Amino acid sequence: IQNSDTLVHLGNTALVTGRDARLYAGDLTTNINWAGGIAGGESLGVGFSLAINEINRKTRAIIGDDPDLPASGSNALASGKSIDVSGVVDVLAKDDGDLWSFSLSGAAAVALNKNFAVAGVAAGSFNRIQSEARALVDSSSVHAAGGLFLNATDTTKIVAITGGGAVALSAGSGTQVGVAIGL
């Protein structure tokens, strides 16, 4: 389990003047995970693999009061405090990145001078991403001659590949071979 909290915060008592005001909060996490198991045995072979990935993240770009923080006495805008710029005010919160998960397993059983051989495999993958991207202006006076732009995006991708293969060979009075491959 991976938890992340990214915050860029311009408080409601700040005085900002000039050309542009730009706030950017970004989480660009990329995870690549491998899980695998290989087993072999005489008459019996069993392989198993399981990948579990969980990502929880909050990404926030905030001007003014942060609703997730306790109030500091008053949420009212302080007298004379504001953002007054000749350009743009741009507030961006962005979640991006990838989660790649590979879960592979294999098994082999070779039985010499016996009547049976069994090989089995199982592979699984559980992947979950919970994202919150928030761009917010709250309890602030904003004047931007070029405009106010709020943008929150989440373009995260999950790619999961699972697969397994099994081979069973029995050689006794007659030779028998079994092969199984799955993705």
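These numbers were taken from a predicted model, which means no experiment stands behind them.

> How do you make sense of the sheet that holds strand β2 (residues 16-18) when you look at a structure like this?
Hydrogen bonding along the main chain pairs the strands of a sheet, whether they run parallel or antiparallel. One open sheet holds the 3 strands; their spatial order is β2-β6-β10, and the pairing between them is parallel. Strands with a single pairing partner mark the edges of an open sheet, and in this sheet they are β2 and β10 (142-144). The average undirected angle you get between the axes of adjacent strands in this sheet is 5 degrees. Sheet topology places strand β6 (residues 83-85) next to β10; 3 bridges connect them, and they run parallel. What sits directly across from Val85, in β10, is Ala144.

> Looking at this structure, how should I read the side chain of Arg60?
Checked against the element boundaries, Arg60 lands in strand β5 (residues 44-64). In this structure the side chain of Arg60 is engaged in a polar contact, spanning 3.1 Å, whose partner is the side chain of Asp66.

> Explain the packing of aromatic side chains to me, please; I cannot follow it from the model alone.
We describe a pair of aromatic rings using the distance from one ring centre to the other and the angle between the two ring planes. Considering all chains together, one arrives at 2 aromatic pairs under this definition. Centre to centre, the rings of Trp34 and Phe102 are 4.3 Å apart; their planes meet at 15 degrees, and the pair counts as stacked. With a gap of 68 residues between them, Trp34 in strand β4 (residues 31-41) and Phe102 in strand β8 (residues 98-112) connect regions that are remote in the sequence. Assessed through its relative accessible area of 14%, Phe102 is described here as buried. Pairing Trp100 with Phe102 gives two aromatic rings, centres 6.3 Å apart and planes at 20 degrees, and the pair type is stacked. Its relative accessible area of 31% is what places Trp100 among the partly exposed residues. Aromatic ring contacts, followed pair by pair, group Trp34, Trp100 and Phe102 into a single cluster.

> When you look at the pairing of β8 in this model, what are you seeing that I'm missing?
Regular strands place their side chains on alternate faces of the sheet. Sheet topology note: the β4/β8 ladder contains 11 bridges and is parallel. From the neighbouring strand, Asn33 faces β8, where its bridge partner is Ser101. Here β8 pairs with strand β12 (residues 157-171) via 15 bridges, running parallel. Residue Leu104 lies in a different strand from β12, and its bridge partner there is Gly163.

The rules behind the values
Residues numbered from 1 in each chain as written. Predicted model: local features only at pLDDT ≥ 70, side-chain atom pairs only at ≥ 80, totals over all residues. Heavy atoms only, no water. Pairing = 2+ DSSP bridges. Helix = DSSP H or I, 4+ residues; strand = E, 2+ residues; numbered from the N terminus. Axes fitted to C-alpha atoms, helices over the stretch in contact; angles between N-to-C directions. Polar contact = N/O pair within 3.5 Å; in protein donor to acceptor, adjacent residues only side chain to side chain. Phe/Tyr/Trp six-rings, centres within 6.5 Å; stacked < 30°, edge-to-face > 60°. Buried < 20%, exposed > 50% of the residue type's maximum accessible area, 1.4 Å probe, protein only.

Function cannot be inferred from these measures alone, as they are strictly geometric.
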